[in-house]
Amino acid sequence: MYEKITPPSTGTKITFTNGEPIVPDNPIIPFIRGDGTGVDIWPATQKVIDAAVQSAYHGQRQISWFKVYAGDEACEQYGTYQYLPQDTLTAIKEYGITIKGPLTTPVGGGIRSLNVALRQINDLYACVRPCRYYPGTPSPHKYPEKLDVLIYRENTEDIYLGIEWRCGSEIGERLINLLNNELIPATPEHGNKRIPLDAGIGIKPISKNGSQRLVRRAIKHALRLPTQKQIVTLVHKGNIMKYTEGAFRDWGYELATSEFRLECVTERESWILSNKEHDPDISFEENARQIEPGYNALTPQKQAEICREVEGVLNNIWTTHGNGQWKDKVMVNDRIADSVFQQLQTRPDEYSVLATMNLNGDYLSDAAAAIVGGLGMAPGANIGDECAIFEATHGTAPKHAGLDRINPGSVILSGVMMLEFMGWQEAADLIKQGTGAAIAKGEVTYDLARLIEPPVEPLKCSEFAQAIIKHFN
Ligand code: NAP
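The text that follows walks through the structure, step by step, so that each part is easy to find. Predicted model, so just to flag it, every value in this text is computed and none were measured. (Residues numbered from 1 in each chain as written. Predicted model: local features only at pLDDT ≥ 70, side-chain atom pairs only at ≥ 80, totals over all residues. Heavy atoms only, no water.)

### Comments concerning the overall build of the protein chain
Alright, step 1. Within the protein chain, the secondary structure is distributed over 16 helices and 14 strands.
Alright, step 2. Among the 473 residues that make up the protein chain, the fraction classed as buried is 48%.
Alright, step 3. Carbon and sulfur atoms make up 52% of the accessible area of the protein chain, which amounts to about 23,000 Å² in all. (Helix = DSSP H or I, 4+ residues; strand = E, 2+ residues; numbered from the N terminus. Buried < 20%, exposed > 50% of the residue type's maximum accessible area, 1.4 Å probe, protein only. Areas by Shrake-Rupley, 256 points an atom, 1.4 Å probe, with all protein chains shown as cover.)

### Topic: the nonpolar core
Alright, step 1. Within the largest apolar cluster, 73 residues are counted, with the highest numbers of intra-cluster contacts made by M418, L419 and I431.
Alright, step 2. Excluding residues that lie within four positions of it along the chain, I431 makes contacts with V48, I49, A52, I412, V416, L419, I468 and F472.
Alright, step 3. Residues I28, V68, C75 and L103 belong to the second largest nonpolar core, which totals 24 residues. (Core = buried A, V, L, I, M, F, W, Y, C linked by side-chain atoms within 4.5 Å. Contact = heavy atoms within 4.5 Å.)

### Points about helix α16 (residues 461-470)
Alright, step 1. Turning to α16, its buried residues number three or more, namely C461, F464, A465, A467 and I468. Mapping the buried residues of α16 onto a view down its axis gives an arc of 160°, with all of them on the same face. (Arc of directions from axis to C-beta.)

### What about the site of the ligand?
Alright, step 1. In the vicinity of the ligand there are 19 residues, among which T105, G395, A397, H400 and Y446 approach most closely.
Alright, step 2. In the environment of the ligand, a nitrogen atom lies 2.8 Å from a nitrogen or oxygen atom belonging to the backbone of N407.
Alright, step 3. R450 has a polar side-chain atom sitting 3.1 Å from an oxygen atom of the ligand.
Alright, step 4. In isolation the ligand exposes 880 Å². Once the protein is present, 65% of that is buried.
Alright, step 5. Tallied by class, residues from the shell around the ligand come to six nonpolar, nine polar and four charged. (Near = heavy atom within 4 Å. Polar contact = N/O pair within 3.5 Å; in protein donor to acceptor, adjacent residues only side chain to side chain. Nonpolar A, V, L, I, M, F, W, Y, C, P; charged D, E, K, R; others polar.)

### Examining the sheet that holds strand β3 (residues 28-32)
Alright, step 1. Here we have ten strands laid out as an open sheet, ordered β4-β3-β5-β14-β13-β6-β7-β12-β10-β11, and mixed in their pairing. The strands lining the two open edges of the sheet, one partner per strand, are β4 (64-68) and β11 (331-336). In this sheet, adjacent strand axes meet at a mean angle of 25° when their direction is disregarded.
Alright, step 2. As paired strands, strand β10 (residues 231-236) and strand β12 (residues 353-356) are joined by three bridges and run parallel to one another. Across the sheet, T233 pairs through a bridge with L354, a residue of β12. (Pairing = 2+ DSSP bridges. Axes fitted to C-alpha atoms, helices over the stretch in contact; angles between N-to-C directions.)

### Here's the deal with empty space enclosed by the protein
Alright, step 1. For the structure shown, the criterion picks out one cavity of 30 Å³ or more.
Alright, step 2. In terms of lining residues, the largest cavity is bounded by K100, N115, L118, R119, L124, N382, I389 and E391.
Alright, step 3. Top element by residues in the lining of the largest cavity is helix α4 (residues 114-121). It accounts for three residues.
Alright, step 4. Split by residue class, the lining of the largest cavity holds three nonpolar, two polar and three charged. (1 Å grid on protein atoms, 1.4 Å probe; cavity = no way out; pocket = protein on both sides within 12 Å on 5 of 7 lines; lining within 4 Å. Points joined across faces, edges and corners; volume = space filled by probe spheres on them.)

### Some remarks on the packing of helix α1 (residues 38-57) against helix α13 (residues 409-422)
Think of two packed helices as two axes; the pair is described by the angle between the axes and how far apart they sit.
Alright, step 1. Direction vectors running N to C along α1 and α13 enclose 40°, while the axes themselves pass 9 Å from each other. Taken as a pair, α1 and α13 cross one another with a handedness that is right-handed. Residues I41, W42, T45, V48, I49 and V53 of α1 pack against V411, I412, G415, M418 and L419 of α13.
Alright, step 2. A per-class count over the contact of α1 with α13 returns nine nonpolar, two polar and no charged. (Left-handed = near helix turned anticlockwise from the far one by under 90°.)

### With respect to the packing of aromatic side chains
Alright, step 1. Within this structure, the stated rule accounts for ten aromatic pairs.
Alright, step 2. Ring geometry for F31 and W65: centres 6.2 Å apart, planes at 85°, overall edge-to-face. Placement of the pair is F31 in strand β3 and W65 in strand β4, with a sequence separation of 34 residues. W65 carries the same exposure label as F31, and that label is buried.
Alright, step 3. Summarising the aromatic geometry, the rings of Y69 and Y78 are spaced 6.3 Å apart at their centres and angled 65° between planes, so their arrangement reads as edge-to-face.
Alright, step 4. Given the relative accessible area of 15%, Y78 is considered buried.
Alright, step 5. Ring pairing ties together the aromatic residues Y2, F66 and Y95, which thus form one cluster.
Alright, step 6. For R132, the ring lying beneath its charged end belongs to Y134, and the centroid distance is 4.7 Å.
Alright, step 7. The ring of Y446 is capped by R405, whose NZ or CZ atom sits 4.1 Å from the centre of that ring. (Phe/Tyr/Trp six-rings, centres within 6.5 Å; stacked < 30°, edge-to-face > 60°. Lys NZ or Arg CZ within 6 Å of the ring centre and 35° of its normal.)

### Regarding the packing of α13 against helix α14 (residues 425-440)
Alright, step 1. Contact geometry of α13 with α14 gives a least axis separation of 8 Å together with a crossing angle of 155°. Taken together, the axes of α13 and α14 are roughly antiparallel relative to one another. For the crossing formed where α13 meets α14, the hand is left-handed. In this structure, α13 uses I412, L413, V416, L419 and E420 to contact α14, whose residues at the interface are Q425, A427, A428, I431, K432 and T435.
Alright, step 2. Residues of the contact of α13 with α14, tallied by class, amount to seven nonpolar, two polar and two charged. (Parallel < 35°, antiparallel > 145°, perpendicular 65-115°, else oblique.)

### Quick look at the side chain of E391
Alright, step 1. As for its position among the elements, E391 is in strand β14 (residues 388-392).
Alright, step 2. A relative accessible area of 8% means that E391 is categorised as buried.
Alright, step 3. Only 2.9 Å separates the side chain of E391 from the side chain of N382, close enough to count as a polar contact.
Alright, step 4. Apart from the residues within four sequence positions on either side, E391 is in contact with K100, N115, R119, P379, G380, N382 and S414.

Spelled out as C-alpha cells, the structure:
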C-alpha cells in the first residue's frame, strides 16, 4: 500500500462517524515533522504530548506515532518536486488525525501552497484557531486575559477559492462585458452600476451547505464548553453583501433553529413524557406546569411587556427557553465583521465562539492572536468530516532552523487541540497547565524572553518543552 513508509506495528486506526472521531486507546497518528524549524519544534512537541499522555493515563492510553513526509523532507525521500507524496496523502486519509509542523511554500513545481492543498484534498472545511491568554505572555493589550475565543473559519469557499481573472485578460474582459451588457441590466436592483473595464475580477461563492456545516461544528463545540462560554457569534458583512455574507448569517440561524432547537424540544418533551406523573389526557403545557412548579408559559402580563416583534418568537420557544432556561443553552447571535474587530478589543469577554467565512476569519484570527501574545503561541486545526490536521500557524522561520532556539508553543498547543478533539481532555489539561506555569515563571524561549519586563534569560526550544513537562503538577 505504501511505497516508502511503514505504519507502526502496534496501534489501531482512528475512524470517523457523523464527523466525530472514534478513538481507540492506542491510536496510530501520522506526523509531518515540518521544514526549517520543524527539526527543533517537532521533537519538543512529541516529548510533551507523550509525557502528558503517560502522566494522565499511566500506560492505559498511548499514541503510536507514524512518520510521514511532506515539504523539503519529502523531496529528499521521494525525489524533486515530490512535496506531497501519495504515501502521505494515503496515510492522512487512512488514519484520520494528523499533526504537522510548518512547511515551506514551494517556489516552482506547480503547488501553490502545501497547506492549502492538504485542506482542499481532504475537504478540511473548518479552520479552528483558539486564542486564549497565558498569564506572563507579553501582550500589547492592557487586559489580554479577558480574551478567550475560538474562531471557526470556513476553509473552502469565499474569495479564497482563488477564482479570479487578471485585469485585461481575455476571459476577464468577456466576463465584464457579460455582466455590464446582460446580467446587471437584467437585475433591476443593480440600477446603472457598471464594472470598470480595467478591473480584475474575483468570485466570492458562499454556499448554504458550506456555511451550515461550518456553523454546525461551531455550535457542537460550544455545547462542550462551560455554560457561560456557550455563545456562538455569526460574523458577517451582510449589511453590504446580502446574498453572500448576509446569506451566511441567515443559513447559520436556520441551522441553529432547525437542528439544534429541535434537539432541545425533544429532550425536554421526552423528559416530561417519561415522567411517571405525566398525564396523557392533558396538554404538554399543563403537564409541564404540574410536574415543574416553576414552569410558566408566557402570561398575558408578560406578553404586554414585550414588543410585538419578539412576541411570536418568544411564544414559539417559551416551553424550552422560558423561565431562565435559556441561560443553560447555547446562545447564537450575529455581529457585523468590523464591529467584531472593535469589540474584541473593547469588550472581549462578550465573545466565545466566532463562526466566520474565510476572509473575515483570516483577519480575525491573526488579530485575536496578536492580543494574546502573537503567532508564536497560536495553534490551529483544519477539520473535516472524515479527517483532521492539527498544525502550527507560523511558518518555517528558516533563519532559526536547527539552532534549538525557536518557540515550539504553537505546535505543542496544536497537540492540545488534537488531544481535546480525541476526547483525551486530562492529557490536554496537563499541557495547558504546564505551559501556563512555565510562562508565568518566565521560563520561555527567546521570542517571549525579549519582550518580558524585566528581561529574562531565554530557554532553548528543548528546554521550554522540559519546563512544560516539569510543571504538569
Ligand atoms: P515565518 O516562518 O512565520 O517567520 C517569520 C518570523 O516570525 C520569524 O523570523 C520569527 O521572527 C517569527 N517566528 C516564526 N515562527 C516562530 C516561532 N515558532 N517562535 C517564535 N517566533 C517565530 O514566516 P516567513 O518567514 O514569511 O515564511 C517562511 C516559510 O514558511 C515560507 O515558505 C512560507 O510560505 C512558510 N509558511 C508556512 C506556514 C505553515 O506551514 N502553516 C505558515 C506561514 C508561512 P523573529 O526572527 O523576529 O524572531
